[in-house]
Structure formats: structure tokens, C-alpha cells
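Observations on the three-dimensional arrangement
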Amino acid sequence: MADRRIELRTCLDDLVADGRLDQGDANLLAGSPRTREQALMHPLAFIASQDLDDQANPGRKLSHENLAQWLAEKADLPLFHIDPLKIEVAKVTSVMSYGFAKRHDILCVGVDADMVTIATGQPFTEEWIPQLEHVSRRKVHKVVANPADIARYMVEFYSLSNSISGAKGLSGGSSVTNFEQLLELGSAKDPEANDQHIVNIVDWLLQYAFDQRASDIHIEPRRLQGKVRFRIDGILHQVYELPAAINTAVVSRLKVLSRMNVAEKRKPQDGRIKTKRSDGSEVELRLSTLPTAFGEKLVMRIFDPEVLLRSFSDLGLVGDDLALWQKMTRNPHGIILVTGPTGSGKTTTLYSSLKQLATPEVNVSTIEDPIEMVEESFNQTQVNPQIEFDFASGIRTLMRQDPDIIMVGEIRDLETAQMAVQAALTGHLVLSTLHTNDAPSAISRLLDLGVPSFLIKNTVLGVMAQRLVRTLCPHCKGEGEISPSDWHALVAPWKAPLPKKVLQAEGCLECRNTGYLGRQGLYEILPVTQAVAKHIKDDADITQMRHAAMREGMRTLRLSGAQKIAAGLTTMEEVLRVAPPIEQ
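Residues numbered from 1 in each chain as written. Predicted model: local features only at pLDDT ≥ 70, side-chain atom pairs only at ≥ 80, totals over all residues. Heavy atoms only, no water.

Okay, the nonpolar core next. Met-96, Ile-217 and Phe-230 are the most contacted members of the largest nonpolar core, which totals 61 residues. Top element by residues in this core is helix H10 (residues 196–211). It accounts for 9 residues. In this structure Ile-217 touches Leu-205, Leu-206, Ala-209, Val-228, Arg-229, Phe-230, Leu-298, Val-299, Met-300 and Ile-302, once residues within four positions along its chain are discounted. Ranked by size, the runner-up nonpolar core spans 56 residues in total, among them Val-451, Val-463, Trp-487 and Ala-579. (Core = buried A, V, L, I, M, F, W, Y, C linked by side-chain atoms within 4.5 Å. Buried < 20%, exposed > 50% of the residue type's maximum accessible area, 1.4 Å probe, protein only. Helix = DSSP H or I, 4+ residues; strand = E, 2+ residues; numbered from the N terminus. Contact = heavy atoms within 4.5 Å.)

Turning next to the sheet that holds strand S7 (residues 269–276). Taking strand neighbours across the sheet as the criterion, the 6 strands line up as S6-S5-S4-S9-S8-S7 in an open arrangement whose pairing is antiparallel. Each of the sheet's edge strands pairs with one partner strand only, and the pair in question is strand S6 (235–243) and S7. Strand-to-strand, the axes of this sheet are offset by a mean angle of 20°, without reference to chain direction. (Pairing = 2+ DSSP bridges. Axes fitted to C-alpha atoms, helices over the stretch in contact; angles between N-to-C directions.)

We now examine the pairing of strand S8 (residues 282–292). Of the strand pairs in this sheet, S7 and S8 are connected by 8 bridges, and their pairing is antiparallel. Counted as the bridge partner of Ile-273 is Leu-285 from S8. The loop that links S7 with its antiparallel partner S8 comprises 5 residues; one of these, Gly-280, has a positive phi angle of about 95°. Inspection of the sheet shows S8 paired to strand S9 (residues 295–303) by 9 bridges, in the antiparallel sense. Its bridge partner being in S9, Leu-287 is matched across the sheet by Met-300. The hairpin formed by S8 and S9 contains 2 residues between the paired strands.

Think of a pair of aromatic rings as described by two things: how far the centres are apart, and how the planes are tilted against each other in angle. What the rule picks out here adds up to 6 aromatic pairs. Ring geometry for Tyr-208 and Phe-230: centres 5.5 Å apart, planes at 70°, overall edge-to-face. Residue Tyr-208 is found in helix H10, and its partner Phe-230 is found in strand S5 (residues 225–232); the two are separated by 22 residues along the sequence. Taking the relative accessible area as the measure of exposure, Tyr-208 reaches 5% and is therefore buried. Chaining the aromatic ring pairs together yields one cluster made of Trp-204, Tyr-208, Phe-230 and Tyr-240. It is Arg-4 that lies over the ring of Phe-124; its NZ or CZ is 4.3 Å from the centre. Sitting above the plane of the Phe-46 ring, Arg-34 keeps its charged end 5.3 Å from the centroid. (Phe/Tyr/Trp six-rings, centres within 6.5 Å; stacked < 30°, edge-to-face > 60°. Lys NZ or Arg CZ within 6 Å of the ring centre and 35° of its normal.)

Mapped onto this structure's residue numbering, the UniProt feature "domain: Bacterial type II secretion system protein E" (unreviewed entry) falls at residues 399–413. Strand forms 27% of residues 399–413 and helix 0%; the C-alpha atoms that close the span are 19 Å apart. (UniProt positions renumbered as here; feature names shortened; annotations may be inferred.)

In C-alpha cells:
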């Protein structure tokens, strides 16, 4: 059969014949003039942009994905969803030139030893297959993909590949830095941080991270190839490998943007960048470098300003836990601690709370290391060890600034803890963080630092431990099962009834087949009541304190997770992954 390209008129006729499109809508689309941009679009992409109803599936639209599925069925080919996180850009762009891919409306999405997988939006054309099989020396496996994705990723993949190739043209020098120095004579210079190819790579990297909802970007040097990884919903995904010299230049470019000392590669540095997404919204990035065996490792934490606008229910703090937290934060003086490991959402909880507490009638001041998100409704100060301005001296200064509420980034040592206690005793509300596994351990940590037990009893109002758990994707979650024994082990020592219905992760295009989309907090709130205070002593038994707190109504992180499971928000596997077991 002769090759034929999909045209708008025939495409509309086929959709009408298959009962997917109304004849009147088809006639209107066929007869209406199109802009130059619309005329260049793939017919299915143009139809999807019109937001038409799918006549065969009431309540659904003729979206890009639905139309791609329809085209795959018409062509009797598998449908392929292009997930850029799972595609090795360097390999797929080496299979064919950009011009060849553009001319035939195809994109390589996978390379094996004896086969290449080619996504196409024109499944009824095959003239390109013999030539590609001859050049690549592999068989072609043809699949159908969303034409809009093919057009988008074709530009992104080849632009990135060209920037890498262009930067390689400048690269040279030692491919191994710091740990193993190797002198190579007659080499070209390493790519510079301001080289246009490096600028393009960095711009792509940041935009790509925003598109993929990443919370952190890791750029890690290795012997020959640097690695780029994104943390998405708490899980790290490898994104790309960069040649060592280009990896170094990318790090240098980011150091320039964040006003770090580019020449200093021997000691850690911190910096920050403020940039914009493609939709115009602002994003802040906090950067941290660390010297490693093969060069500087750079981690960028992405802070979304919209986090400060999220309600406690969006964060997962609801019901009795929310009421208890708000009761503690309404106290005029005392210490409230938030505990958990790095990346557990402590800062977000504190900022959201301070945002609500920072009314015109009160003075809210913070001392942080570093300032993670800039918020105009309270006064923020950053510690500076180079001039001996640390947390303790920061609190001492803030107490002369007529504060009502003080937020201390972290209590790390006895001096900071003592200053926090002094601030609480002199009529200030102090909020701070600690790194402990659960809420009762925070009391033990203060005792270990050297804070007298009677001062802890008189100043600490309560402790909240938290974790972030991935929430089920609303587009694909399905019914699951949970054994009574697993459930009772999770909620012990409580006798919480087994939920009648639980949901499980399935996986779809929206969640990248993980089954999870977004995160919420699990919370364990320990109010320091009289019953709990009895156990705060120099030789405190943390287990007895925990049991006393549970009798006072404290729900453990695992019980908080069980409530989220019963509400259909997450799964048993997720809760067990992040919430520590209870020591009986």
C-alpha cells in the first residue's frame, strides 16, 4: 500500500465515521481558516486544541492522548507515551539527524542492540524505514505517540544534544579533577561557564526540572561522566549524563548565577537564584556545593512561593491534629519544636504557620541558615559564621528587636537551646526545628544538649514530628486489599478498625506510571501536658514518655499514616517506607 500522510479533512471524516466527532463540528473545522501556526500543526494536535467533546465517550474530550490512542488503533500499532525521564537523549538523537526526524515527523525513543523504537505521528508512511535501518544497522520498531509530544521533545532533545556536542568541541584538559590529576598536553581549553552552549544546557535543566515537578536537582561529578538527578515526590530519578568537563562548566555557570566564588572549589559554598517558569511565575532555588573526589557536587533545592499560600488541609494537617497545632501556636510564649529528617517538610510547616501568625499586630522575626523562602510579612535574618553571627547571637539580637514570635531555623547546640529557652521565659513564642526520629525524642535531644529538665518543663509547649508520604494519583487509583494482621501491626497499640475499603497505586500517564502524584504530611503531635512533664527528667525513659503521651492523645506517625490509608489518600507501602516503627 502506498504511503499517505494524515490530512485534516480525511482525519475529520474518519473521526466522524468512528462516531468520535460530530459532523457539524467536523464541517466547521474543515471550513474555518487556520492561522499559520495552526496550519503547521499536526491535524490531531489542531483538533485537540479545539477542546471538542468525544461523542463516543460522554464527559470526555478529544484530547491529545485520546486522539493518539485512536490513531494507534487505526494504524494497528502500539501507543507509546514519551516520558523524558526514561529516555537516554544522547543515544536517541544519535540514531538520525534532526532534519531527517523533522522531515518524516518521527522521533527515536529507544535504542537496543538490534532494534530502534521510533515514535511517529504519521503511521501510514514507511518510506523512511529502509534508509534508517541501513544507517543504524538495526531493525525499526514503529510505535504511535502523541504528535504534540513528538514535536515538543524533538526540539528539546536535539537542542540539548547540539549544546552538548558544541560544548564538547571546546572541552579538553583533564577529565578527572581533584582526586586524580592527569596532565594532557596539547588539549583545548575546558568549556567556559558563559559559553552559549553551557547557557543553553543550564536553561534546559532548570526548565525541565520545573516541568517535572522536581523538588531538588543533583549534579554529581564522576570519573568520566557527571550525573544529573531530580528528586520528584521524594524519589530520585536519573535524568542525564554529562561529560565530566561539561558537568564542571554547568556547575560553574550555576555558581556564577548564584553569586558564589567560581574560583573557590575546595570548600563548600551556598547561594541562591531567583528565576521564572515559562508561565511567568517566580521560583527560588537554594544552591549548595560540596567538594568530592571528582569535583564539586551541586544540589539545588527548588522552593515554590505558592507553598506559602497552601492551607493546612493541603499540607495534610487536618482534624484533631490541626486543632492541637493551632492551640499550641496561639500561646503567647513558650517553645514549639518541629522534628524530622531533611526533606520532611518542616520548613514548609513553619512558614505556613508563621504566615498565619504574622498579623499587623505582632512582630514576627526569623533567624535562619540560610533564608529558604523570602516572605514579606515577617522579618528574616540569615546567620553568617564568617562574622561570628550564629543562631545564638541572632536570638540574642532579636530579643532587643521587640519581637512577639521568633522562628529559629534549627537548634544545633547548647548555646542556641539556652537562648531559645531564655526567649521563651521572657515572654516570646519560639518556633524551631530539630533532627529527631519522632516527637518524644526531641525532649531527649534537648536533655542530651544539656538543657536542664526543669527548664524544658517550663518552656516547651509541644513537639510535632512529621514525614512526607506520596499520595495516590487521583486519575488511576484502584481498589486494593490489606490483611488484618498487617493493619493491626500498623496501628498498634490502638485498636483502630480495619477500613472497609482501601485503595492501591495503579499507574497512568499523569503520574508517570508510579501510581502516586504529590505528597502530604504525616504528623505526630506531643503536647507537653502535666502527665508528660512528669517523665521529663535528667534520666528520662523515652519509652515511658511516649506511652504517657499516647495516653494523652498523641497519635504516632504510623497511626497518622493509617488514617490517610483509610481515607484513600495513600498506601500501606508508603506509610511503612517513611514512618518509623514504635518502640514498645
